[in-house]
Amino acid sequence: KMAEDNIGHFVNVDTTTLEGLNRAKELGLVESRLAQAMVTPYLEEASTLFQHKTTTGRVFAMLRNPVLREVARYHHQLTLPRYHPNYNQNINNLHLHQYVESSFVQENMLVKALASATHIASGEINELHIDTAKKVLERYILIGLFEEFEESLDRFDHYFGWTKYNEFATCRNNFLTSLEFREGSSNHIPLSPESFEYKALAQRNWADIELYDYARSLFKKQKTLTAKYS
């Protein structure tokens, strides 16, 4: 079924969880053609929705500096109401300088996801995992950068042909002006690269930072790829 809010239309399956992906597969989300895009952190599992189907998918990703990504995640956690399933009182009790040393920090999540290594500890991540993640990025993923948000959206729009939908401009504007986007994109506390918090998060996300630097170079190379669709 389709649902609607002030941002746009959504199908009533949660593809951000493994349970939701299984439900999407059981319900035939791909075959229904109700959704033009799907959001999930589980790329390998999501790919199974397209197995033995005539419909294929293309992965696109909006990547962010891993340190700022984790800072934004921390501040997002602080905004969650108590009834939210991801609410965590233990995180709410921590200041940022405490959080960056805690077990709640997500370490190298992007490398793990792209290298199919979500099951291993961050201390076991090595250059082979990073090389695998780089190859996946280059071969299969249309890259957007949070620091180049508007240009990234333009690339996605042109590549996927979303501009042909009458409601596209309204949907995009509603999203960019939504409270959720503004809260997620704002820098709550300017964080200097020389600060303790920044260095601590950078050290814990060293593999993701290397991959992010590579993604920035791919972003420049992909400009020609998306230009031909404009």
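See the structure shown above.
Residues numbered from 1 in each chain as written. Predicted model: local features only at pLDDT ≥ 70, side-chain atom pairs only at ≥ 80, totals over all residues. Heavy atoms only, no water.

Where helix α4 (residues 66-79) contacts helix α12 (residues 196-204), the two axes come as close as 9 Å, and the packing angle between them is 110°. Classed by the angle they form, the pair α4 and α12 counts as roughly perpendicular. Crossing hand, α4 versus α12: right-handed. Across the interface between the two elements, V67, E70 and V71 from α4 touch Y198, L201 and A202 from α12. Looking at the contact of α4 with α12, its residues break down into five nonpolar, no polar and one charged. (Axes fitted to C-alpha atoms, helices over the stretch in contact; angles between N-to-C directions. Helix = DSSP H or I, 4+ residues; strand = E, 2+ residues; numbered from the N terminus. Parallel < 35°, antiparallel > 145°, perpendicular 65-115°, else oblique. Left-handed = near helix turned anticlockwise from the far one by under 90°. Contact = heavy atoms within 4.5 Å. Nonpolar A, V, L, I, M, F, W, Y, C, P; charged D, E, K, R; others polar.)

Looking now at the nonpolar core. In this structure, L63, V111, L114, L137, I141, I143 and L211 are the most contacted members of the largest nonpolar core, which totals 22 residues. It is helix α13 (residues 206-221) that provides the largest number of residues to this core, a total of six residues. In contact with V111, not counting residues within four places along its chain, are I125, H129, I130, A133, A207, D208 and L211. (Core = buried A, V, L, I, M, F, W, Y, C linked by side-chain atoms within 4.5 Å. Buried < 20%, exposed > 50% of the residue type's maximum accessible area, 1.4 Å probe, protein only.)

With that out of the way, let us pick up helix α10 (residues 168-176). Taken as a whole, α10 has its buried residues at F168, R172 and L176. Each buried residue of α10 sits inside an arc of 60° when the element is viewed along its axis, so together they form one side. (Arc of directions from axis to C-beta.)

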